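The primary structure of each chain is shown beneath.
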Amino acid sequence: MNTGKEIYLDNSATTCCYPGVADLVCRIMREDYGNPSSMHKKGVEAERYLRNAKEILAKNLKVSEKELYFTSGGTESDNLALIGAALANQRAGKHLITTCIEHPAILNTMKYLEEQGFRVTYLPVDESGTVRLSDLETALCEETILVSVMYVNNEIGSVQPVSEIGALLKNRERPVLFHVDAVQAYGKYRIYPKRLGIDLMSVSGHKIHGPKGVGLLYAGEKVKIRPILFGGGQQKDLRSGTENVPGIAGLGEAVREIYTDFDGKIRRMYELKEYFVKGVAEIPGTAVNGPLVCEGAPHIVSVSFEGVRSEVLLHALEEQGIYVSSGSACATNHPAVSGTLKAIGVKRELLESTVRFSFSEFTTREEIESCLKSLTALLPMLRKFTRH
């Protein structure tokens, strides 16, 4: 029975806004609501918020402000990066490379590009969900123009060898563009695209305690990329449309706040993750998927529960005020067996019995303990009812 206290463990789907972010967004919508393209005072005030956010982000990423473009979120950033770069560079080749465990925003965009005549190679991963550099090296050819690899997998928390991939691509006689979907990584790692050999990188505001409906695309100054939206020519003609001033300002404030006391936040998250994994491993009929605690991202744990469908367990936990996910939040409208779990070799009978738990800096040890107690009490009962 719901005790009235919510325990939110679905932070990979979205996060709560920092109070300061919410206050800033609300104030701009109510008071500083000008169009940043307007030449009067209201427009100048709005444009100042954009400049301030861009300054925060450029300093955090150690890039130039002119290499940053604001979007509506991670999905648009991924689409703009892949479609824009593919179309702009197709004379050099029409071969693209990605992995089989990418987010739908990448996989479905790649399918679209295949329909436009591009050839796509989907790299496999090992049992921890990591790409092998040897597989990437084998897949590269003279026609390859772009490689897209997510930094952190959204379902199992595996971390890809981004630095090694960047070095491999840049050391080729003809460099290949490198796109990184950093939606689940930004705010959990210090990411410096230029040091890592990243040409294009996608970020989403609502994964880092910022607003929904705002994202970022980093595009290196020398990267050729075409727009996929056409209109008034905002953001140097690459991303037309009136800028989402409240969202962009909120994104900047979220970045400033999430990277304050950053090391301490990440250390505490890893401590909670280790405590949770040890606790859940003591429950009979459970299996933790993906990398070891220290090798994966600090905030994601994927667990398979033998004999219980994930949706059943999800709603049983929900009745106790505990919120988790049965997989990628972006796949809920098109439910299907997780390609990521299949790719890492999860047993067939466990594919539909897997739940994702994801933490944030606000998650407490007491919440983890409550969740473990609930799992221990619920699972025997749920398994009893599902037996035939």
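Residues numbered from 1 in each chain as written. Predicted model: local features only at pLDDT ≥ 70, side-chain atom pairs only at ≥ 80, totals over all residues. Heavy atoms only, no water.

Undergrad: Which residues make up the overall build of the protein, and what values do they have?
TA: Counting its regular elements, the protein contains 12 helices and 12 strands. A compact globule built from 388 residues should have a C-alpha radius of gyration of about 21 Å, and the protein, at 21 Å, falls within 12% of that. Scored against the burial criterion, the 388 residues of the protein give a buried share of 56%. By sequence separation, contacts in the protein at least 24 residues apart represent 75% of the contacts at least 6 residues apart. As displayed, the protein offers around 17,800 Å² of accessible surface, 52% of which is attributable to carbon and sulfur atoms. Of the charged side chains in the protein, 46 are positive and 47 negative, and the gap between their average positions amounts to 2 Å. (Helix = DSSP H or I, 4+ residues; strand = E, 2+ residues; numbered from the N terminus. Rg over C-alpha atoms; globule rule 2.2 N^0.38 Å. Buried < 20%, exposed > 50% of the residue type's maximum accessible area, 1.4 Å probe, protein only. Contact = heavy atoms within 4.5 Å. Areas by Shrake-Rupley, 256 points an atom, 1.4 Å probe, with all protein chains shown as cover. Lys, Arg positive; Asp, Glu negative; His and termini not counted. Charge placed at Lys NZ, Arg CZ, Asp CG, Glu CD.)

Undergrad: Describe in detail helix 9 (residues 262–281), supporting the description with residues and values.
TA: If you check helix 9, its first and last C-alpha atoms are 29 Å apart, about what 20 residues at 1.5 Å a residue would give, namely 28 Å. Buried within helix 9 are the following residues: Phe-262, Gly-264, Lys-265, Ile-266, Met-269, Leu-272, Lys-273, Phe-276, Val-277, Gly-279 and Val-280. (Expected span 1.5 Å × (residues − 1).)

Undergrad: Explain helix 10 (residues 310–318) residue by residue, including any values.
TA: Along helix 10, the residues classified as buried are Ser-310, Leu-313, Leu-314, Ala-316 and Leu-317. An end-on view of helix 10 places all buried positions within 165 degrees of arc, on one side of the element. (Arc of directions from axis to C-beta.)

Undergrad: So, the side chain of Glu-253: which residues are in play, and what are the values?
TA: For Glu-253, the position within the fold is in helix 8 (residues 245–258). Residue classification places Glu-253 among the buried positions, given a relative accessible area of 17%.

Undergrad: Lay out the sheet that holds strand 8 (residues 215–219) in plain terms, naming residues and giving numbers.
TA: The strand order across the open sheet formed by seven strands is 2-8-7-6-5-3-4, and the pairing between neighbours is mixed. With partners counted over all chains shown, the strands left at the sheet margins are strand 2 (68–71) and strand 4 (119–123), one partner each. The mean inter-strand angle of the sheet, taken between neighbouring strand axes irrespective of direction, is 20 degrees. Judged from the five bridges that link them, strand 5 (residues 144–150) and strand 6 (residues 177–181) form a sheet pairing that is parallel. Residue pairing in the sheet places Leu-146 in a bridge with Leu-177 of strand 6. Its contacts with the sheet place helix 2 (residues 41–61) against strand 2, strand 7 (200–204) and strand 8, and it is angled at close to 120 degrees to strand 2. (Pairing = 2+ DSSP bridges. Axes fitted to C-alpha atoms, helices over the stretch in contact; angles between N-to-C directions.)

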